[in-house]
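Chain residues, written in single-letter form:
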Amino acid sequence: QIQLAESGGGSVQSGGSLRLSCHLSGDTSGSLCVGWYRQVPGKNREAVAVINNNDRTNYTDSVKGRFTISLDNAKNTVYLQMNSLRPEDSAMYYCAARAGLCEWSASRYDNWGQGTQVTVSS
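Owing to the predicted nature of the structure, the values given are computational and were not obtained by experimental measurement.

Another point: the pattern of salt bridges. Going through the model one piece at a time under the given rule, you end up with 5 salt bridges. Taking the shortest distance from any N to any O, the salt bridge between Arg38 and Glu46 comes out at 2.8 Å. The class of Arg38 is buried, set by a relative accessible area of 6%. Since its relative accessible area comes to 32%, Glu46 is described here as partly exposed. Between Arg38 and Asp89 there is a salt bridge, and its shortest N-O distance comes to 3.0 Å. Of this pair, Arg38 sits in strand 4 (residues 32–39) while Asp89 sits in the loop between strand 8 (77–82) and strand 9 (91–99), placing them 51 residues apart in sequence. Members of the salt-bridge network, linked through shared partners, are Arg38, Glu46, Arg66 and Asp89.

Here it is, written out as structure tokens:
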């Protein structure tokens, strides 16, 4: 089992920046993939970015060039740097982890954090 704890959410104006952190604990040895997902009420959870142990990353099209996912192995922490934020980025952001290869679908992840709220005002 992997435990995840997100932090760093908040409220910003359009064009602003936030950095989300996801600290991992528990069984983090071996091949691992960590993803950031977001969800607004009434909609499905959406993949934002994923990263594996080899720093291979993937992003959803709407955040490419604005968001950066990174992994600090020494701190067991995954970050999501979010720049040029837009009102449509407002959501609850979750980090998730799975052993093995990265997957895009949220259903493929069985370890989730509690989430951190991001609100972007226009």
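This brings us to the state of the cysteines. Overall, the coordinates contain 2 disulfides when judged by the stated rule. Bridging Cys22 to Cys95, the disulfide has an S-S length of 2.1 Å. With the S-S dihedral at roughly 70 degrees, the linkage between Cys22 and Cys95 falls on the right-handed side. Here Cys22, found in strand 3 (residues 18–26), pairs with Cys95, found in strand 9; they are 73 residues apart in sequence, far enough to count as distant. The burial state of Cys22 is the same as that of Cys95; both residues are buried.

Judged by nonpolar contacts, the single largest core of 27 residues is most densely connected at Leu24, Trp36, Leu80, Met82 and Tyr93. If you list the elements that add at least two residues to this core, you get strand 1 (2–7), strand 3, strand 4, strand 5 (46–52), strand 7 (67–72), strand 8, strand 9 and strand 11 (116–121). With residues up to four places along the chain from it excluded, the contact list for Met82 reads Gly16, Ser17, Leu18, Leu20, Arg66, Phe67, Tyr93 and Val118. If you look at the next biggest cluster of nonpolar residues, it comprises 6 residues, including Tyr37, Ala47, Ala96 and Tyr109.

Counting buried positions over the 7 residues of strand 5 gives 6, a clear majority of the element. Here strand 4 pairs with strand 5 via 6 bridges, running antiparallel. Its bridge partner lying in strand 5, Gly35 is registered against Val50. Taken together, strand 4 and the strand that follows it, strand 5, pair antiparallel across an intervening segment of 6 residues, in which Gly42 is found at a positive phi of about 85 degrees. Pairing geometry for strand 5 and strand 6 (residues 57–59), over 3 bridges, is antiparallel.

Turning next to the packing of aromatic side chains. Tallied over the entire structure, the rule returns 4 aromatic pairs. Measuring from ring centre to ring centre gives 6.4 Å for Tyr109 and Trp112, while their planes differ by 65 degrees; the resulting arrangement is edge-to-face. Judged by relative accessible area, which is 5%, Tyr109 ranks as buried. Pairwise contacts between aromatic rings join Tyr37, Tyr94, Tyr109 and Trp112 into one cluster. The ring of Tyr94 carries the charged tip of Arg45 above its face, separated from the ring centre by 3.8 Å. The ring centre of Trp112 lies 4.7 Å from the NZ or CZ of Arg45, which sits over that ring.

Quick notes on the rules
Residues numbered from 1 in each chain as written. Predicted model: local features only at pLDDT ≥ 70, side-chain atom pairs only at ≥ 80, totals over all residues. Heavy atoms only, no water. Salt bridge = Lys/Arg side-chain N within 4 Å of Asp/Glu carboxyl O. Buried < 20%, exposed > 50% of the residue type's maximum accessible area, 1.4 Å probe, protein only. Helix = DSSP H or I, 4+ residues; strand = E, 2+ residues; numbered from the N terminus. Disulfide = S-S within 2.5 Å. Core = buried A, V, L, I, M, F, W, Y, C linked by side-chain atoms within 4.5 Å. Contact = heavy atoms within 4.5 Å. Pairing = 2+ DSSP bridges. Phe/Tyr/Trp six-rings, centres within 6.5 Å; stacked < 30°, edge-to-face > 60°. Lys NZ or Arg CZ within 6 Å of the ring centre and 35° of its normal.

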